[in-house]
Structures are given as C-alpha cells and as structure tokens.
Amino acid sequence: MSAEQSPKIVIVDESPIRAAILEEGLREAGFTQVVHIREMQSLLARIYAVDPDIILIDLENPSRDVLEAMFQVSRAVKRPIAMFVDQSDSASIQASVEAGVSAYIVDGLKKERIKPILDLCVSRFNAFAKLQEELERTKSQLEDRKIIEKAKGILMRVKGLNEDEAYVLLRSTAMREKKKIGEIAQSIITASEMLK
Amino acid sequence: MSGPLRIGFIPLVDAAALIVAVDKGFAAAEGLEVELVREVSWSNVRDKLNIGLFDAAHLLAPVAIASSLGLGHVKVPIVAPFNLGINGNAITVSPALLSALMEEIDGDRFDPMATAKALARVVAKRRKAGAEPLTFGMTFPFSTHNYQLRFWMAAAGVDPDEDVRLVVLPPPFMVDSLKSGHVDAFCVGAPWNSIAVDLGVGHILHFVSDILVHAAEKVLAIRQSWADKNPDVVAALVRAAEKAADFIEHPENRTEAARILAQPERIGVDAEVIQRTLDGRLKISPDGTFRESDRYLLVGREGAGRPDPVQAAWLYAQMVRWGQAPLTPDGVKTAMAVFRPDLYEAALGHRRPVEAPAPFGAFAGPAFDPTDISGHLEAFEVGRWKA
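Analysis parameters
Residues numbered from 1 in each chain as written. Chains lettered and ligands numbered in written order. Predicted model: local features only at pLDDT ≥ 70, side-chain atom pairs only at ≥ 80, totals over all residues. Heavy atoms only, no water. Pairing = 2+ DSSP bridges. Helix = DSSP H or I, 4+ residues; strand = E, 2+ residues; numbered from the N terminus. Axes fitted to C-alpha atoms, helices over the stretch in contact; angles between N-to-C directions. Contact = heavy atoms within 4.5 Å. Parallel < 35°, antiparallel > 145°, perpendicular 65-115°, else oblique. Left-handed = near helix turned anticlockwise from the far one by under 90°. Nonpolar A, V, L, I, M, F, W, Y, C, P; charged D, E, K, R; others polar. Buried < 20%, exposed > 50% of the residue type's maximum accessible area, 1.4 Å probe, protein only. Polar contact = N/O pair within 3.5 Å; in protein donor to acceptor, adjacent residues only side chain to side chain. UniProt positions renumbered as here; feature names shortened; annotations may be inferred. Domains from an automatic or database assignment. Buried area = accessible area lost by both parts, 1.4 Å probe. Salt bridge = Lys/Arg side-chain N within 4 Å of Asp/Glu carboxyl O.

### Details of the sheet that holds strand E10 (residues 203-207) of chain B
All names here are of chain B. Spatially, 5 strands are ordered E8-E7-E9-E6-E10 in an open sheet, and the strand pairing comes out mixed. Edge strands, defined here as strands with exactly one partner in the open sheet, are strand E8 (165-168) and E10. Neighbour-to-neighbour, the strand axes of the sheet open up by a mean angle of 25°, direction not taken into account. One ladder, built from 5 bridges, connects strand E6 (residues 89-93) with strand E9 (residues 185-189); its direction is antiparallel. Across the sheet, valine 93 pairs through a bridge with alanine 185, a residue of E9. Its contacts with the sheet put helix H7 (residues 144-154) on E6, strand E7 (135-138), E8, E9 and E10, and the angle it makes with E7 is roughly 145°.

In structure tokens, the structure reads:
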C-alpha cells in the first residue's frame, strides 16, 4: 500500500502506552499515516490540521462529546463526516464499544478499508486491557506479599512463633474465615497499630 | 430477569432520582437489582444504551429524541417512561463578561431579555473593535444547554452561529475553561455552576428557569425493543424512580439525599454544594450573594416525573430551528412518541394529579403549539430553519 493510498488516521488517547500499541499495529498492517494526539487542549485545531480520514478515540475520554459536536457542525469541517461505519454494521459498533474504542470515519472512505482498521483496533484494545489487568494483579500480589511479611513479623514477635508457624497461622485463619490471606494480614497490622 | 440491570449515568445532580432509587433501596423494594455505571460522556451513555451494554440510562432528553430520529448517529428507537428532571441548568459568565454586560444593561439584571439585549450590544462593540467573538460552552449538540443558550441570545437578535462561538465541553472541564479564558460563559447543570462560583471564577447570570419556566431536562431512557419485552421491569423501575423523586422533594430528606449523591462513586462533590441545588438556593457570586428559586430543579414536584410529549415536540422544534433536523410530520410524531406518559401512568396504576403550569413559559416568542411547529418557528427572527 503506497503512502498516497494509506488513509490518515488520528489516535486520540491519553494513555501513551495504549496509543503506541495501537500505532504499532496499524503500521504493521500497512497504514503509514498515523498521528497520536494526547493533549486535549485545542483538540479540534489539531484534528483540523491533520485532516484525518479516520479518528480513533478511547471511550473513556470525556472529549468524545467534543468530537461529536465537530461532526454536527459540518460547516466547520472540509467534508461531511459520518460516525462509525454505518447503520447496518451493528456488530462492528458493538465490538468496538465493548473493547473501549470509538471510531469516527470521514465519509467517502470505502467501507472495505474501514473494517480491517476497526478489527485491528478492537483486538489491540482488548490486548491492552488484558495487559492492564495482569499489571494490576501483579501489583496487588506484590502489595499482599509486603503486608503478609509485616503481619508475620508481628505474629512472630507477639506470639513467639517462627516464620513458618506464623505463616501457617495466617493461612489457616484465612481459610477458616473464608477470607484472603492478605485481608487477615491487614487486619493484624491494623489491630497492632491500634494497640500500640 | 437475568442478572442485575445495568444503568448508565453522568455525575450530575439531575441523576438524583436514579441514584437515590438504587442507593436508598427503592429499587430493591421493587425487586430490582441495579448496577449503576458512572460514565464520562453523553456519547458513551448513548452508545452503550443503543448496543445493549446498558438496559437503561440517565440521558439528555434531546439525545433520546435524536437517537430515535437517527440524527448524528445510528438510529435506535428510545422510550422515556420517566422524566428525571425539569430545569436544573444555569448560565455562568466570567467576571469580565459580567461587567461588560452590566455596563450595557438597561433593566433588571435577572430579566433574560435585558441581559440578552446587553449581550447583543457587547457583541456589536467587540465586532467593531475587531475583538474575537465571545465563546460559550455547552455540553452536547443535542442538549437542552445548547437550546437554552441559543433561545436566550437569539431573542435579542444574537445569531448563535454567526455572532458568537458555541463549543462543546465536557462538564468537568467547564470551570477550568472559564478560568483559563478558553470560554467566556457556559450553560451546564449542577454542580458545575456552583463550583465555578465557589472558586471565584464565575457568576451565575441566569437559572434556566428564567428563560423557560418549565422545560424537560434529563430522562430515564430505555431502548424501545427492550422496554417492549420487559414491561414489568420498566414499570418497577418507574415506581422506584418516582418514590425516590418523592423522597428527594421532602425538605427534611434533602440532607440525606445530598449525602447519598455526594458519594465518590456517584457525583463525588461536596454534599453541601449538592444540597444548594436541591434546595434551589444557589450562591451566584463569589462575594457570597445567594439567590433562591423554587424552580431551579424540579425532581418530583409539579408532576415532574411524568414525561410530556409536548416537551419532546419543543425539543424537536429546536433541532429544526438550528438546522439539526428537517421538519417533517413523521419527525414530530417520532419525537413525541419518545416521551411515554402511558408507561408512567401504567406503572403507577393511576393518573397522578398534576398541577404543572403550562409547559415552557418561555420569556420570548409565542406560546408553543406542537401541532403547528412551522408557524411557531416563523415567529422567530434568528434561526437556520427554512420552510
């Protein structure tokens, strides 16, 4: 695909990582003209300057309503603009909203060319969401580990246990109370701080 | 019914009946399990409702109508069996614009015709001086805020598309934009006007009830196809919202209602600011001037919950006036069919006594007649409407 043929794509996203993932995917797929806009200040001016064929925006971006207004005021833009793909393609709309991305397509761009872009965005957004989830999980595991270490220390000091015994006590209490071991550890820390 | 209902909302005080219905247990008492989902933009609320990620939503009344007409986006018929609020917006101006208006005003500062005429003179002066046009912020192209601003300024001959700039801003960005001079004024719902006043960056110029005495604001919006399949759930939801609205309107419950709404996962601002809105007692200037109006926001009073198709017709007429929609008999019919008093009355099992004043009570123009929208629009000088 030559540069002339490649549609101009603007990515509006405040997350630089997600935008990079998206941009990379689009470039790999042969879309050479990709611009990332991160700042929401003077968003419209920047979009006008790029004059894109497609705008991709993260659904959690409050400036979506600003974009919608831009499409309403057709006098202000060079070409009439339509949103998403079209009425009949509700599956694409659903997939993209569920993944958290919204696509605005400038009228005149062929439908066949939009579909692969949208599909790619949806899969990249989903991949990013999974990554984010894993990161959160790892973070909370790390956090838990720190709390458990601290609670073990308290138990060892107060009850004269060794490290293994302290851990076994934490674990068995968690099982009995049907709680996470991290929660039991946290309550030990809280209690010990209150009793100081 | 499978699983909890998912209902989207935007953190604004006029989501009160919905939030209180869930958090105070009125929904549970109707056998409903509801998950409220906080959203960041009206486009999101509309899209998630349209594709079925939400079963219902707190929605701008004009967005429900636009969606049913297929304006600006895909066409998905929406019904509104409950009106979440009447009025509730205000126009806030920067200190600089307020003093410019006060220099030009001939008459009462709270008379919208006097302020609109003052605005017309300020606009003319600025043009003569070669200054940039004034910029007004509002929340969405299909919004009461957009139509209220336009209605007000056009009454004095200010053309909202030619003489000033109207820009969309997400409500949480309004205050910053006023402070930074990005906009000179805005029209938005609570709590944002009060926050601008509290931060000393704005003055409330008008409650929108100065412009239109009684205007539908937000609705409980449901996809028509879903409503048709789940009439019992819709009825239960309406009853829960009606009970919540009644609860909120009792002055002795206001503090509790404000506390519920202030929760970080709901509106997330000071309960005191929210209570000012519910009480209709708003600080309008940073110097501490208060203004009271029992019409600031009606949640349950004067039959506010009952959707009135005449209100839908008026909103459609504004879309026509400002070039967003063509005027067709089908368009009027479709718009009016969005507001469903029949569903409201069926849910409550009886027709509630309604002491509502005549709708609108507009400060300018002839009384609105939904059977003669073209005749009504003819009476206005400024507009994008062509017969």
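### What about the packing of H7(B) against helix H14 (residues 309-321) of chain B?
All names here are of chain B. Contact geometry of H7 with H14 gives a least axis separation of 11 Å together with a crossing angle of 65°. In terms of orientation, H7 lies roughly perpendicular with respect to H14. The crossing of H7 and H14 is left-handed. Along its contact with H7, which presents Thr144, Tyr147, Phe151 and Ala154, the element H14 presents Trp314, Leu315, Gln318, Met319 and Arg321. Its residues assigned to classes, the contact of H7 with H14 comprises 6 nonpolar, 2 polar and 1 charged.

### Notes on the side chain of A:Glu68
Structurally, A:Glu68 can be placed in helix H3 (residues 64-72). Note on A:Glu68: relative accessible area 2%, which makes it buried. In terms of polar contacts, A:Glu68 uses its side chain to reach the side chain of B:Arg46, at 2.9 Å.

### Thoughts on unusual backbone geometry
Residue and element names in this part refer to chain B. Omega for the peptide link from alanine 190 to proline 191 comes to 10°, which places this bond in the cis form. Note on placement: proline 191 falls in the loop between E9 and helix H9 (192-198). Phi at asparagine 87 is positive, roughly 60°, even though this residue is not glycine. In this fold, asparagine 87 is placed in strand E5 (residues 86-87). The exposure class of asparagine 87 is buried, given its relative accessible area of 0%. Phi angles above zero are rare outside glycine, and glutamate 302 is one such case at about 55°. Its place among the elements puts glutamate 302 in the loop between strand E15 (297-298) and H14.

### Description of the UniProt feature "modified residue: 4-aspartylphosphate" (unreviewed entry) in chain A
Residue and element names in this part refer to chain A. Mapped onto this numbering, the UniProt entry gives "modified residue: 4-aspartylphosphate" (unreviewed entry) at Asp58. Here aspartate 58 is to be found in strand E3 (residues 54-58). The class of aspartate 58 is buried, set by a relative accessible area of 8%. When residues no more than four places from it in sequence are discounted, the contact partners of aspartate 58 are Val12, Asp13, Arg18, Arg64, Gly100 and Phe125.

### Comments concerning helix H3 (residues 42-50) of chain B
Residue and element names in this part refer to chain B. The buried fraction of H3 amounts to 9 of the 9 residues, a majority that puts the element mostly inside the structure. Residues of H3 that are buried include every one of Trp42, Ser43, Asn44, Val45, Arg46, Asp47, Lys48, Leu49 and Asn50, and no others. Count one or two residues on from H3 and you reach glycine 52, which has phi positive near 95°.

### Overview of the domain arrangement of chain B
Residue and element names in this part refer to chain B. Domain boundaries in chain B define domain 1 (5-86 + 215-269 + 299-360) and domain 2 (89-213). Centre-to-centre, using C-alpha coordinates, domain 1 lies 27 Å away from domain 2. The interface is formed by 26 residues belonging to domain 1 together with 23 residues belonging to domain 2. Counting each side, the surface lost to burial between domain 1 and domain 2 is near 2000 Å², with a carbon and sulfur contribution of 70%.

### Comments concerning the interface of chain A and chain B
Listed by partner, the interface residues are 19 residues for chain A and 26 residues for chain B. Buried area between chain A and chain B, summed over both chains or domains, comes out near 2000 Å², and the portion from carbon and sulfur atoms is 57%. Remark: the boundary between chain A and chain B carries 3 salt bridges. The salt bridge involving A:Arg64 is made with B:Asp47; its shortest N-O contact spans 2.5 Å. The tally of links between chain A and chain B comes to 6 residue pairs in polar contact (both at pLDDT 80 or more).

### Digging into the packing of helix H6 (residues 163-177) of chain A against helix H7 (residues 181-194) of chain A
Residues and elements named next belong to chain A. One can describe the packing of H6 onto H7 by two numbers: an axis separation of 8 Å at closest approach and a directional angle of 110°. By the angle class used here, H6 and H7 are roughly perpendicular. The handedness of the crossing between H6 and H7 comes out as right-handed. Contacts between H6 and H7 involve Tyr167, Leu170, Arg171, Thr173, Ala174 and Glu177 from the former and Ile181, Ile184, Ala185 and Ile188 from the latter. Here the contact of H6 with H7 is composed, by residue class, of 7 nonpolar, 1 polar and 2 charged.

### Concerning the pattern of salt bridges
Per the counting criterion, the structure on display carries 41 salt bridges over all chains. In this structure, the salt-bridge partner of B:Arg295 is B:Glu302, at a minimum N-O distance of 2.9 Å. Classification of B:Glu302 as partly exposed rests on a relative accessible area of 25%. One network of salt bridges, in which partners are shared, links A:Arg64, A:Glu68, B:Arg46 and B:Asp47.

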